[in-house]
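What the coordinates show
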Amino acid sequence: MNDHLLSLMTFFPLVGMIVILFLPREADRLIKTVTLIVTIIVFIISLPLAFDDVFITSSAMQYTEFANWISVGQYFQMNYNVGIDGISLWLVLLTTFIMPIAILSTWHAIDKNTKGFMALALLLETGMLGAFISLDLFLFYIFWELMLVPMYFMIGIWGGQNRIYAAVKFFIFTAVGSLLMLVAIIYVYYFSVKAGVPFENGFSVAHFAQMDIPAHLQTWLFAAFAFSFAIKVPMFPVHTWLPDAHTEAPTAGSVILAAILLKMGTYGYVRFAIPLFPVATMQFTPFLAFLAVVGIIYGALVAMMQDDVKKLVAYSSVSHLGFVMLGVFAMNLQGLSGGLLQMINHGISTGALFLIVGFLYERRHTRLIVDFGGLSKVMPVFAVIFMIVTFSSIGLPGTNGFVGEFLILVGAFESELRVFTVFATTGVILAAVYMLWMFQRVMMGKITNPKNEKLKDLSAREIAIMMPLLIFIFWIGIYPNTFLDKMNPALENMIKQVKGKQHIAMMVEDMDQTVTQITVND
Amino acid sequence: MEIIFFYLVALVAVVSGFLVIRCQSPINSGLGLVNTFFCLAIFYVMLHAPFMAAVQIMVYAGAIMVLILFVIMLLNLGAEARHRYTKGIVWSSIASLMILANVIFFIKRGRVTGAEGDITAFAVESFGHTELIGKAIFTEFLLPFEIASILLLVAIVGAVVLAKKEV
Amino acid sequence: MISVYHYMTVSAILFALGTYGVLTRRNAIVIFMCIELMLNSVNLTFIALSSHLQSMDGQIFVMFVMVVAAAEAAVGLALMITFYRNRDSIDVDDMNLLKL
Amino acid sequence: MENLVQIALQNVNMAAILPSVILTCFGMGLLLISVFLPRGTTRHAVWISMIGLLVTGLFVYTGWGNPQYGFNDAVANDNYAAFFSMIFLFAAGLTILMSDDYLHREGYPVSEYYPLILFATAGAMWMASGTDMMTIFLGLEVMSISLYVLAGFFRGQVRSNEAGLKYFLLGAFSTGFLLYGMALIYGVTGSTKLTEIGIYLNAHASLLDNPMTLAGLVLLSIGFLFKIAVAPFHMWTPDVYEGAPTPIAAFMSAGPKAAAFAAFLRIMEYCFFSLKPEWTAMLWVLAVLTMVIGNVIAISQTNIKRMLAYSSIAHAGYALVGMVAANEIGYSGLLFYMLAYTFMNIGAFAVLTLAGKKGEDNLTLEGFSGFGFKRPYLGVAMTIFLFSLMGLPPSAGFSGKFFIFAGAVDAGYIWLAIIGVLNSAVSLYYYLRVMVYMYFRDPVEDYAWVTLPAAAVISIVIAILGVLYLGVIPGDVMELAKLAIF
Amino acid sequence: MYDKLWLIPFFPLLGAIINGLLGKRFIKNEKIIGAIGTGAVFLSFLVSCKYFIQLLGDSVKSHQNIVASWISVGNLQVDWGFLLDPLSALMLMVVCGVGSLIHLYSIGYMHGEEGFYRYFSYLNLFVFSMLMLVLGNNALVMFVGWEGVGLCSYLLIGYYFEKQSAGDAAKKAFVMNRVGDFGFLLGLFLIYWTLGSNHGVWTINFVEITKNAHLLSGDMILGTGVTTVATLCFFLGATGKSAQLPLFTWLPDAMEGPTPVSALIHAATMVTAGVYMIGRMNILFAMSPTTMFVVALVGALTAIFAATIGFAQNDIKRVLAYSTVSQLGFMFVAMGVGAFTAGIFHLMTHAFFKACLFLGSGSVIHAMHHALHHAHLDDDAQDMRNMGGLKKKMPITWATFGISCLAISGLPFFSGFFSKDEILWWAFSSTRGNMFVWAIAVIAAFMTAFYMFRCLYLTFYGEQKTNPKAKDHIHESPWVITLPLVVLAGLATVGGLIGIPHAIDIAHIGNKLNAFLAPVFQHSQELYKIEAHGTASTEIILMVFSVAVALAGIFLAYVMYRKNPELPAKFTAKFSALHRVVFNKWYVDEIYDALFVNTTKKLGIFCWKGFDVKVVDGVVNGVARLFGVIAATLRHTQTGLFQNYALTMVLGTAVMVAIFILN
């Protein structure tokens with residue numbers, strides 16, 4: 001069982017999808033129920049991972065599976081090589097955890113082509129899980145691209161007014177980046193072959209990471225990877241697909257997009273770009289950190305002025321993920337674990353925010369802030385939940401957001417990115433500004449629009465959707481060690497390796513300079 | 001003497017070729033083309049390939065040209081309209097001249113390999129050109145020959161399918 | 001002495017003439033004739049080379065070129081007839097429905 | 001002199017041409033049978049040609065790994081030829097399956113259609129297996145003439161006439177160049193046999209910078225590049241594909257293109273391996289030009305068939321990248337890609353045949369509005385083909401592109417690979433637009449959709465299976481492709 | 001045995017959760033809700049008392065209680081830990097004590113409000129946060145409380161969420177606090193990083209920091225000492241929380257909340273958190289004379305600046321609010337001149353008298369509100385111009401209010417006298433003191449006395465200006481309201497006796513507070529030579545002088561508002577421009593709006609409409625459109641004309657051949 005736990009978890013949704021395809025098209029409720037059950041089963045399958053203490057002690061990959069998949073003579077070998085460590089563990093669990101919630105949120109929201117939606121959602125889950133557990137770059141790429149398609153259709157078919165533009169923009173943005181990454185992947189592979197890595201290892205990340213790629217090559221390769229991931233994150237200035245995609249996507253789509261898909265980008269940096277190209281990472285750090293900080297402030301400023309709640313939340317994601325990137329590029333334990341934790345936090349908080357916007361939209365079929373106001377009066381339970389989520393997003397101590405942001409900022413401050421940290425910290429202020437302003441305009445004040453007077457408070461189902469998220473908001477806020485303890489060994493190991501290589505590279509450079517100087521002096 | 005004759009024939013060939021592209025009436029063009037064919041046949045003879053010259057006359061001038069003229073008649077095509085030439089005449093001229101320049105250039109600068117084979121003029125005279133061709137075609141080039149038959153079959157079927165009036 | 005280059009030059013001129021004709025004439029049949037002119041110029045090259053090289057291959061090739069020319073003539077003229085039936089013209093400028 | 005006459009028929013090796021001979025026999029038999037059947041019956045033709053293709057395929061299959069040469073080196077039935085033959089057979093089979101109902105719908109239930117496809121396939125096989133210029137040339141002509149006829153097959157439709165005539169005139173024109181090239185090469189080397197040419201050129205270094213050799217190389221290439229539809233010799237493609245009957249457009253985009261590649265690659269590799277730097281440089285430029293032109297113009301198309309024609313130009317560009325790479329991976333990637341392209345493109349065209357009604361009015365993007373929901377199964381099929389054409393995993397298109405670009409990267413053509421992927425990015429736009437219409441828009445009018453004919457469905461299903469098989473487990477076929485190259 | 005310290009914050013948290021979750025649906029009864037809320041805080045008070053007494057008798061004065069690990073990442077080890085030392089113990093007493101009273105008061109004050117349960121839940125949550133702030137043994141737990149009180153302040157200010165102004169005020173409070181928090185975090189990072197990377201002490205624990213702070217003395221950053229930069233950052237945090245210049249504007253607006261909230265949060269506890277924080281980190285501040293000077297200066301300027309605004313306000317709560325800002329300025333002066341004990345002392349006495357003042361004003365407002373409501377009038381229940389002559393109607397309120405006014409003005413033997421005097425003495429004579437600061441502080445003290453008595457006279461004396469219809473409905477408040485008033489007034493009266501200055505300590509009671517807090521402050525004061533030196537006679541002279549100043553203020557108020565009530569109007573008429581400026585709070589809000597709020601908004605709009613839409617999306621869509629245009633252009637090469645196609649082929653061929661041959 002344990003030997004194939006990851007595969008089982010990853011491909012079970014695919015099985016579910018096939019089952020769905022055979023269900024009659026009209027059986028709306030049945031399809032939803034089956035999908036929900038499938039996602040819950042996947043969650044249950046993944047639960048043993050959460051309770052496995054091996055991650056606390058070991059930084060190695062666990063639950064690994066290895067099988068030869070494609071092999072072409074002495075040219076290629078692509079392997080089905082999967083496994084998780086502390087870095088991917090929580091992202092996998094986040095995925096399996098968010099999916100049932102997202103499905104549950106569609107109960108009333110999706111009423112046309114339910115079958116298609118559910119099938120796509122399950123396909124998407126397979127893609128996301130696969131991407132998180134892949135240890136082979138080729139395999140990762142396959143899953144990475146596989147995620148695109150369902151999301152494209154989710155936005156395009158079930159989206160809002162401007163859905164076509166958003167869907168196409170989403171697709172092309174993401175694909176453009178990943179195509180360049182593909183070239184880089186191929187290049188790295190050939191480099192590894194020439195460097196003598198046995199080709200049986202295929203595109204194994206672990207083996208790639210052990211190579212010494214010359215600095216000038218690293219620069220280009222890293223640029224390709226980084227560009228691809230930056231689009232997915234999304235980092236300033238390639239973020240503009242995000243507001244459109246989020247705004248137009250159906251609630252479940254936004255939730256999945258925000259909670260999980262965006263994490264692919266940051267995860268990609270942590271898992272692939274940085275370990276593979278440590279020297280280039282060093283060169284790019286100031287630049288990427290700069291973009292991250294610009295993203296933080298810029299995202300916040302733009303979010304502040306939005307008149308559409310969903311767009312506001314979308315821009316807030318730009319800001320939040322700027323924090324994550326800053327933490328990641330701090331390249332120390334605090335920063336990285338903060339970044340990783342913040343990924344989960346963002347998944348939970350922003351996921352919750354999108355659900356909340358979805359609730360509002362289901363009731364009023366508008367997302368414009370001006371259409372609301374004073375909802376606290378008629379929807380007290382909603383108000384409380386909304387407020388908690390808002391403050392979690394702002395990063396109030398005691399909620400998850402704080403721990404992540406704090407760790408990121410501490411980490412960044414400890415690293416070379418000190419000056420950036422100062423600017424990044426202003427994001428803390430701006431977050432409060434735009435979130436609270438939005439909250440005030442939506443929930444406070446008098447009810448000005450008569451349509452809002454009769455709004456129903458949250459139903460039991462909706463509360464049930466939010467409850468798990470709220471629990472985690474506080475859990476991570478109050479006792480994040482549950483999560484941090486399992487991340488740290490893997491991160492520590494990674495930092496050690498990366499720093500070691502950077503150190504060697506710097507020494508070599510110093511030596512070169514000395515040599516040049518000596519030659520010049522002669 | 002021979003060279004003068006060559007130039008004469010060449011001149012006729014080129015002028016006839018020029019007539020093909022210059023004449024207003026397709027019929028005249030066709031006649032120009034036939035003239036060229038004849039000139040080429042003369043060249044073939046000069047090149048010790050009398051059988052090819054015969055085939056040239058029979059197949060090209062006799063069959064293909066007749067077919068073409070027949071179609072011209074069938075379609076009752078008179079002289080072309082005033083605008084014989086399409087608009088891109090300048091570009092066409094440039095392109096053709098470029099082709100000509102290129103070709104002349106590589107003929108001038110290029111080098112054909114020296115004689116290597118055993119089909120000398122003497123061999124042709126002693127065995128007969130036709131026999132040599134026949135032997136080659138049925139031994140060495142048997143497969144292309146067979147394929148050519150299929151080609152003709154395809155052409156016939158195709159022509160029939162296309163040209164007949166009702167299904 | 002007439003060298004192979006003489007023949008090739010003549011053939012080149014004819015080829016270029018054929019090309020020019022193809023590029024400028026509007027009547028499809030004349031264009032086809034120009035193509036035939038081009039093929040013939042190639043034939044001349046082949047036979048000149050064949051004679052020069054004292055190998056039969058070139059002449060055999062010419063045979064096949066003739067076969068091909070005949071076949072193309074049959075099919076091509078059939079196509080022109082069908083086109084003429086529908087458009088009442090064999091001007092290539094009238095082949096203008098399919099574009100952009 | 002006696003020995004000259006003594007050349008015996010000892011070199012006749014029927015095994016070397018067995019598959020194509022069988023196919024031709026089936027074609028001729030079919031012609032004969034059709035004479036005795038009433039006009040308008042075509043069902044038997046489908047059956048017979050399918051059986052013919054299957055039998056041929058069987059012989060191709062048994063011939064794998066057992067190369068046969070014969071006819072004085074005029075033909076080589078090696079793995080390379082076998083691999084390409086399989087591509088042609090698949091292309092022909094899928095085309096025939098989707099044709100029957102279509103022809104009836106369009107009002108041309110003519111049984112000669114099928115033998116012509118079979119002959120074209122046989123011609124393609126000769127191109128792939130020919131090792132003599134003459135074989136290749138005649139194979140090319142057999143294929144081309146069949147296609148001229150097929151392109152203009154709807155003789156009552158002026159568009160079809162126009163397509164046929166355009167294709168014919170341009171094809172014959174390009175034949176002139178091809179022949180000129182062959183003549184020059186013959187003049188330089190004194191032979192028409194590929195191996196001999198290669199050896200001769202390799203042995204005489206002075207010939208390598210002989211203008212005649214180079215001019216011959218270029219002019220020879222033109223003939224094939226025309227068939228492959230490489231810019232700037234691509235311009236016939238959109239017009240002909242648009243005007244030709246849809247199944248024929250499908251066939252042309254896959255079979256003949258692959259055949260031209262087969263012959264081109266073999267000639268380049270057999271004859272001009274000593275000139276590799278020169279012709280790879282030439283193809284580098286052409287590949288880029290082709291990809292860019294194909295992809296960019298496709299953006300502005302509103303007719304799906306025409307859009308697919310431009311996309312086929314672009315795909316020719318991708319495939320050419322494999323040739324530029326000129327290494328094992330590039331070549332086998334090219335072979336793989338042609339097979340993959342056969343499935344995905346013919347599949348897409350097959351869906352198109354079913355999307356319309358009589359008169360093919362429904363080829364515009366607008367006409368596809370809501371197609372995905374009106375015709376869910378066809379929609380899914382089209383989606384799969386389009387994603388494969390885009391090159392998204394796990395599909396044949398992705399694997400193919402991966403191998404080809406891998407070859408380019410391995411050969412050091414990183415910029416070419418980058419240009420290639422950027423072009424795929426451009427291509428996303430127009431492929432996605434089809435899907436936008438299919439799924440994201442509501443139908444404009446309720447269309448009189450045709451019922452799904454079994455044969456066409458089988459064709460689509462085979463194409464889907466092919467796309468997925470080559471996408472998910474490309475290893476086996478790639479292994480075969482690797483064995484197939486020289 | 002100090003291992004049950006966590007109980008102190010736990011009770012209010014429990015109360016908050018119970019009231020918050022069950023209050024609306026299940027408990028409903030106001031009395032029970034109120035009892036739970038008050039009881040929770042009172043329980044905390046009891047526990048605090050127990051530990052306070054225990055600490056008094058203990059020789060070790062610093063005790064930590066670590067409940068669990070919170071964040072543990074490599075070097076960074078943060079615990080959920082509590083620290084009990086004299087400073088926090090004293091604060092506990094103040095917070096729990098005053099907190100309990102205000103809870104009790106609230107039962108009466110909030111009677112009949114719709115969100116009664118919500119109110120008590122928030123209030124308990126606030127006490128919880130405040131206790132976390134006070135008790136935290138490390139900067140991060142303190143920060144939890146620090147932000148927590150901000151949150152509760154937000155919630156309570158926005159308690160009447162249907163009022164636009166309440167929502168605005170709440171948001172403003174939170175954002176301004178966040179600006180402070182920004183500083184706090186940066187300071188924290190700086191200390192953590194410098195201590196860690198330069199000296200290998202990775203910690204944010206207060207005890208550890210205090211122990212290792214001396215290591216920082218040589219560290220530099222940005223050309224300045226690390227401690228200076230860090231403490232300035234911390235001080236920025238303090239200005240936000242404690243409403244000092246330049247971040248004070250939220251506090252007056254915060255009066256939108258219910259009055260007990262103002263009493264508890266915006267007078268007694270939360271706003272003093274900045275002072276407390278400086279006290280907690282006194283060693284760091286002591287290390288940097290520059291920061292100390294800045295603190296003192298900002299404190300003094302705030303004191304006088306707020307006081308000027310207090311002159312012209314008519315809203316009774318606003319007067320008190322500005323007075324609070326001003327008094328907080330005094331506390332910062334104390335911290336800045338090194339009079340840590342005095343600062344904390346003033347914090348405590350201020351908690352008593354200011355809470356009492358606020359509650360008193362609440363009592364008045366409550367009564368007014370009832371009366372106006374009864375008479376169906378829309379008059380402002382908080383405007384002093386509608387009051388006057390309430391002395392007779394509300395005697396208890398009047399008495400307690402009056403006592404507190406005397407205390408705040410610093411009349412001898414009231415609590416304010418002792419604390420304020422000590423501050424002035426230190427400002428005058430401390431090694432870190434400064435005549436300038438002292439002078440400003442004295443002027444501020446004069447002004448305080450003036451406007452507090454102005455307030456007292458306007459409210460309770462003279463003729464009643466309330467609308468006649470409502471006049472008779474004004475009654476003294478019920479006992480739940482008056483009891484806390486009495487208790488607090490009592491404390492305001494005698495609370496100062498724990499810190500009798502040496503100079504006038506005739507009975508030789510000793511400065512109990514000084515002795516009690518010595519373990520916290522003595523170390524740094526000795527280490528960095530911070531002491532007040534001067535003779536006892538100087539001290540007495542100064543004392544007399546300050547009392548005289550206070551009396552002068554009171555007298556002026558008496559003259560203007562009691563004796564000649566028409567005088568102020570003349571005065572304002574004469575200096576109308578000045579009055580307008582002062583009345584409008586020096587237009588600080590408007591300036592801030594123009595400078596920051598609008599700039600930020602404009603920047604936001606620019607980023608969105610200007611950059612995001614035009615540049616980024618413009619490029620993206622532009623590229624797409626460019627491709628479209630190129631495609632539309634290129635497609636015209638496909639003319640459909642055979643000859644163009646052939647021409648292209650020939651040209652292509654010719655060019656290719658030419659290139660090949662020429663190469």
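Residue numbering note: each chain is counted from 1, following its sequence as written. Each chain takes a letter, starting from A, and each ligand takes a number, starting from 1, following the order in which they are written. At least 70 in pLDDT is required for a residue's local features to be given in this predicted model, at least 80 for side-chain atom pairs to be given and counted, and no such filter applies to totals for whole chains, interfaces and linings, which use all residues. Excluding hydrogens and water, the side-chain figures rest on all heavy atoms present in the structure.

**Quick word on the interface of chain B and chain C**
Here is the rule: Should any heavy atoms of two residues lie within 4.5 Å, those residues are considered in contact. Throughout, the accessible surface (probe 1.4 Å) given up by two parts as they are put together, summed over both, is called the buried area. A carboxyl oxygen of Asp or Glu within 4 Å of a side-chain nitrogen of Lys or Arg is what we treat as a salt bridge. Whenever a nitrogen or oxygen atom comes within 3.5 Å of another N or O atom, the pair is scored as a polar contact, on the condition that within protein one atom can donate a hydrogen and the other can accept it, and that pairs from neighbouring residues in sequence are kept only if both atoms are in side chains. The helix count covers DSSP runs of H or I at least four residues long, the strand count covers runs of E at least two residues long, and both are numbered beginning at the N terminus. Each residue is assigned to one class: nonpolar for Ala, Val, Leu, Ile, Met, Phe, Trp, Tyr, Cys and Pro, charged for Asp, Glu, Lys and Arg, and polar for all the others, Gly among them.
Taken together, the 86 residues of chain B in the interface contact 68 residues of chain C. Note on chain B versus chain C: buried area summed over both sides is about 6700 Å², and carbon and sulfur give 77% of it. Of all residues in chain B, Ile21, Leu47 and Val112 of chain B give up the largest surface area on contact with chain C, accounting jointly for 10% of the area buried on that side. Here chain B is connected to chain C by zero salt bridges. The tally of links from chain B across to chain C stands at nine residue pairs in polar contact (both at pLDDT 80 or more). Among the elements that make up the side of chain B that touches chain C, the one with the highest residue count is helix α3 (residues 50-74) of chain B (13 residues). Counted by class, the side of chain B that touches chain C contains 58 nonpolar, 18 polar and ten charged residues.

**Here we look at the nonpolar core**
Quick reminder of the rule: Working definition of a nonpolar core: buried Ala, Val, Leu, Ile, Met, Phe, Trp, Tyr and Cys residues. They are joined through side-chain atoms within 4.5 Å. Each residue gets one of three labels from its accessible area relative to the maximum for its type: buried under 20%, exposed over 50%, partly exposed in between, using a 1.4 Å probe on protein chains only. An automatic or database domain assignment supplies the residue ranges for each domain.
Within the largest apolar cluster, 819 residues are counted, with the highest numbers of intra-cluster contacts made by Phe76 and Tyr269 of chain A. Taken domain by domain, the makeup of this core includes at least three residues from each of domain 1 (1-78) and domain 2 (120-167) of chain B. Non-local contacts of Phe76 of chain A, meaning those with residues more than four positions away in its chain, are made with Ile70, Ser71, Tyr189, Tyr190, Phe199 and Phe203 of chain A together with Ile329, Phe402, Phe403 and Ala406 of chain D.

**Remarks on the interface of chain C and chain E**
The partner chain E presents twelve residues to the 14 residues of chain C that form the contact. Summed over both partners, the interface of chain C with chain E comes to about 990 Å²; 66% of that surface belongs to carbon and sulfur atoms. Of all residues in chain C, Leu23, Met95 and Leu100 of chain C give up the largest surface area on contact with chain E, accounting jointly for 55% of the area buried on that side. Inspection of the region where chain C meets chain E yields zero salt bridges. Our enumeration of links across chain C and chain E arrives at two residue pairs in polar contact (both at pLDDT 80 or more). Per-element tally for the side of chain C that touches chain E: the top contributor is helix α1 (residues 4-24) of chain C, with four residues. Within the side of chain C that touches chain E, the residues separate by chemical class into seven nonpolar, three polar and four charged.

**Some remarks on the domain arrangement of chain B**
Residues and elements named next belong to chain B. With domains assigned, chain B is organised as domain 1 (1-78) and domain 2 (120-167). Of note, the centres of domain 1 and domain 2, computed from C-alpha atoms alone, are 21 Å apart. Residue-level contacts link five residues of domain 1 with five residues of domain 2. Counting the surface domain 1 buries against domain 2, the share from its top three residues, His48, Pro50 and Phe51, is 85%. The interface formed by domain 1 and domain 2 includes zero salt bridges. The tally of links between domain 1 and domain 2 comes to one residue pair in polar contact (both at pLDDT 80 or more). By residue class, the composition of the side of domain 1 that touches domain 2 is four nonpolar, one polar and no charged.

**Looking at the arrangement of the chains**
Here eight pairs of chains make contact, and the pair sharing the most contacts is chains B and C. Taking C-alpha atoms only, the smallest gap left between chain A and chain B, which are not in contact, amounts to 36 Å. In this view chain A stays clear of chain C, with the nearest C-alpha atoms of the two still 25 Å from each other.

**Here's the deal with the packing of aromatic side chains**
Keep this limit in mind: Two rings belonging to Phe, Tyr or Trp (six-membered ring only in the last case) form a pair when the distance between their centres is within 6.5 Å. Interplanar angles under 30 degrees mark stacking, angles over 60 mark edge-to-face geometry, and anything in between is tilted. For a lysine, the NZ atom is tested; for an arginine, the CZ atom; a charge sits over a ring if that atom is within 6 Å of the ring centre and within 35 degrees of the ring normal.
Going through the model one piece at a time under the given rule, you end up with 120 aromatic pairs over all chains. On the numbers, 4.6 Å between centres and 70° between planes, the contact of Phe138 of chain A with Phe402 of chain D is edge-to-face. With Phe138 of chain A in helix α6 (residues 137-158) and Phe402 of chain D in helix α17 (residues 396-410), this residue pair bridges two chains. We note that Phe138 of chain A, like Phe402 of chain D, is buried. Measuring from ring centre to ring centre gives 5.1 Å for Phe173 of chain D and Phe177 of chain D, while their planes differ by 85°; the resulting arrangement is edge-to-face. With Phe173 of chain D and Phe177 of chain D both in helix α7 (residues 158-189) and four residues apart, this pair spans about one turn of that helix. Residue Phe177 of chain D is classed as buried on the basis of its relative accessible area, which comes to 0%. Every member of this aromatic cluster is reached through a ring pair, and the members are Trp69, Phe76, Phe138, Tyr141, Tyr189, Tyr190, Phe203 and Phe208 of chain A together with Phe336, Phe398, Phe402 and Phe403 of chain D. Positioned above the aromatic ring of Phe330 of chain E, the side-chain terminus of Lys420 of chain E is 5.1 Å from the ring centre.

**Digging into unusual backbone geometry**
Omega for the bond connecting Phe236 of chain A with Pro237 of chain A falls within 30 degrees of zero, at 0°, which places this linkage in the cis form. Tracing the backbone through its elements, the reader meets Pro237 of chain A in the loop between α9 (215-232) and α10 (241-248). Backbone torsion omega between Ala231 of chain D and Pro232 of chain D reads 5°, so that peptide bond is classified as cis. The residue His48 of chain B is not glycine, and still its phi comes out positive at about 60°. Mapped onto the fold, His48 of chain B is located in the loop between α2 (26-46) and α3. Judged by its relative accessible area of 37%, His48 of chain B is partly exposed. With a phi close to 65°, Asp73 of chain D is a non-glycine residue in the positive phi region. Take Asp73 of chain D: it is sitting in the loop between β1 (68-70) and β2 (75-77).

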